[in-house]
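# Working through the structure, step by step
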Amino acid sequence: MAAGAFAGIAEHTVMYPIDAIKTRMQLVNSGTAYKGMIEGTVKIASGEGILKLWRGMSSVVVGAGPAHAVYFATYEAVKHAMGGNQAGQHHPLAAATSGAAATIASDAFMNPFDVIKQRMQIQNSSKMYRSMLDCARYVYKNEGLSAFYVSYPTTLSMTVPFTALQFLAYESISTSMNPDKKYDPLTHCTAGAVAGGFAAALTTPMDVIKTMLQTRGSAADAELRSVNGFTAGCRLMYQREGLRGFFKGMKPRVVTTMPSTAICWSAYEFSKAYFIRRNTA
């Protein structure tokens, strides 16, 4: 759990600015259309100040540590129970199942923090929320407790296949590169990056709808504010922007996910190896 908490905080803080641009790009009729990540960075930095790229990060730091502790603890427990820890052997089912179980447990904890983060990433959000706690109070007062979980089913529809694909790819690549499953920074970094990018590209449409649901309460558009689930979100997105709308922000999502998963797995495996050495000694 300690290794997982360290990995989660390291992952989210390093890649947070690109995640902020991805959120802006995925908003429906937001008036902040960016043609790419570089343009988005320049517009946000010049128009709102460079620090706006980190606005809302405190919510991620507070949530990511405990959520990733639960995430990796569940992953290790399920993988061990399914016999996925034998050196030199590959267990695809154990890898995919442990990943799915891990994300169901951690997302239940992380979803409210993710809602707050995305609300604070919206343009001009500083006029509405002064801090993470102020944003949480505003959402609760105006939309109720359900607003923190309205995107949870959609989040799971994305994160369960995402994590299953990511863990399956990670375990496959790392087992191929390092059959003995010993600590190897190059293996963990490479396998994490490739697995994360692959899973991120395939699950972008679900991420777009998740962003819509998590930011709907801040929209001026009455129809957008009335969206209350995954199906309704898909219908509105298709009506407004067609199939292309489901892949908005895919490039920054992949660019964010590849290094972030490389950082996450590297930090996790490093910490785990450290604790193993200490326990052995």
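Nothing here was measured: the structure is a model prediction, and the numbers come from that model.

About the cut-offs
- Numbering of residues begins from 1 in every chain and follows the order in which that chain's sequence is written.
- Whole-chain, interface and lining totals are the exception, using all residues; otherwise, since this is a predicted model, local features are given only for residues with pLDDT of at least 70 and side-chain atom pairs are given and counted only at 80 or more.
- Computation of side-chain values: all heavy atoms of the structure, hydrogens and water removed.
- Each domain span listed reflects an automatic or database assignment of domains.
- Computed with a 1.4 Å rolling probe, the buried area is the accessible surface lost when two parts are put together, summed over both parts.
- For this analysis, a salt bridge means a side-chain nitrogen from Lys or Arg found within 4 Å of a carboxyl oxygen belonging to Asp or Glu.
- Only runs of H or I of at least four residues qualify as helices and only runs of E of at least two qualify as strands under DSSP, and these elements are numbered from the N terminus.
- Between buried and exposed lies partly exposed: a residue is buried under 20% and exposed over 50% of the maximum accessible area for its type, with that area taken using a 1.4 Å probe on protein chains only.
- By nonpolar core is meant a set of buried Ala, Val, Leu, Ile, Met, Phe, Trp, Tyr and Cys residues that side-chain atoms within 4.5 Å join together.
- In what follows, residue pairs with any heavy atoms lying within 4.5 Å of each other are defined as contacts.
- Pairing of aromatic rings covers Phe, Tyr and Trp, the last counted by its six-membered ring, and requires centre-to-centre distances within 6.5 Å; plane angles under 30 degrees mean stacked, over 60 mean edge-to-face, and any other angle means tilted.
- In protein, a polar contact requires one atom able to donate a hydrogen and another able to accept it; more generally it is a pair of N or O atoms within 3.5 Å, and residues adjacent in sequence count only if both atoms are side-chain atoms.
- Angles shown run from 0 to 180 degrees and are taken between the N-to-C directions of axes, each axis being a line fitted to C-alpha atoms and, for helices, limited to the stretch in contact.
- Here the word oblique covers every angle except those under 35 degrees (roughly parallel), over 145 (roughly antiparallel) and from 65 to 115 (roughly perpendicular).
- Gly is placed with the polar residues, together with every amino acid not listed as nonpolar (Ala, Val, Leu, Ile, Met, Phe, Trp, Tyr, Cys and Pro) or charged (Asp, Glu, Lys and Arg).

Turning next to the domain arrangement of the protein. Domain parsing of the protein yields domain 1 (1-149) and domain 2 (152-269). Using only C-alpha atoms to locate each centre, domain 1 and domain 2 end up separated by 11 Å. Here domain 1 and domain 2 share an interface that buries about 4100 Å² over both sides, 62% of which is from carbon and sulfur atoms. Applying the counting rule to domain 1 against domain 2 returns 2 salt bridges.

What follows covers unusual backbone geometry. The backbone of lysine 181 sits at a positive phi, close to 55°, despite the residue not being glycine. Along the chain, lysine 181 falls in the loop between helix H7 (152-177) and helix H8 (185-202).

For the structure shown, the criterion picks out 10 salt bridges. Measuring nitrogen to oxygen at the nearest pair gives 3.3 Å for the salt bridge that ties lysine 117 to aspartate 114. Here the residue lysine 117 and the residue aspartate 114 both occupy positions in helix H5 (residues 92-121), the gap between them amounting to 3 residues, near one helical turn. Owing to a relative accessible area of 5%, lysine 117 belongs among the buried residues under this scheme. Of the charged contacts in the structure, one is a salt bridge between arginine 253 and aspartate 207, with a shortest N-O distance of 3.6 Å.

The next thing to look at is the environment of glycine 229. Within the secondary structure, glycine 229 sits in the loop between helix H10 (222-225) and helix H11 (230-241). In sequence terms glycine 229 and isoleucine 209 are 20 residues apart; their C-alpha atoms lie 8.9 Å from each other.

Let us look at the nonpolar core. Core analysis: the biggest nonpolar cluster contains 16 residues, and Ala7, Phe72, Tyr75, Trp265 and Tyr268 have the highest contact counts within it. Elements represented by at least two residues in this core include exactly helix H1 (2-14), helix H4 (57-81), H7, H8 and helix H12 (250-280). For this core, the leading source of residues is H12, giving 4 residues. Two domains each donate at least three residues to this core, and these are domain 1 (1-149) and domain 2 (152-269). Apart from the residues within four sequence positions on either side, phenylalanine 72 is in contact with Gly4, Ala7, Cys264, Trp265 and Tyr268.

Looking now at the packing of aromatic side chains. The final tally for this structure, using the stated rule, is 14 aromatic pairs. When the centroid spacing of 6.2 Å and the interplanar angle of 80° are considered together, the rings of phenylalanine 72 and tyrosine 75 count as edge-to-face. Of this pair, phenylalanine 72 and tyrosine 75 both sit in helix H4, 3 residues apart, which is roughly one turn of that helix. In this structure phenylalanine 72 comes out as buried when scored by relative accessible area, which is 2%. With relative accessibility at 1%, the residue tyrosine 75 sits in the buried group. For the pair tryptophan 265 and tyrosine 268, a centre-to-centre distance of 6.1 Å together with 80° between the ring planes defines the contact as edge-to-face. Of the two residues, tryptophan 265 and tyrosine 268 both sit in helix H12, 3 residues apart, roughly one turn of that helix. Overall, tyrosine 268 belongs to the buried group, its relative accessible area being 4%. Linked through ring pairs, Tyr71, Phe72, Tyr75, Phe167, Tyr170, Trp265 and Tyr268 together constitute an aromatic cluster.

Okay, the side chain of threonine 103 next. For threonine 103, the position within the fold is in helix H5. In this structure threonine 103 comes out as buried when scored by relative accessible area, which is 3%. A polar side-chain atom of threonine 103 sits 3.4 Å from a polar atom in the side chain of threonine 159. Setting aside chain neighbours within four positions, we find threonine 103 in contact with Tyr71, Leu156, Thr159, Val160 and Thr163.

Moving on: the packing of helix H2 (residues 16-26) against H5. In a packed pair of helices, the relevant descriptors are the angle between the two axes and the axis-to-axis distance. Contact geometry for H2 and H5: axes closest at 9 Å, N-to-C directions at 75°. When the axis of H2 is compared with that of H5, the two are roughly perpendicular. Only Lys117, Gln118 and Gln121 of H5 make contact with H2, whose side of the interface consists of Tyr16, Asp19, Ala20, Lys22, Thr23 and Arg24. For the contact of H2 with H5, the residue count by class is 2 nonpolar, 3 polar and 4 charged.

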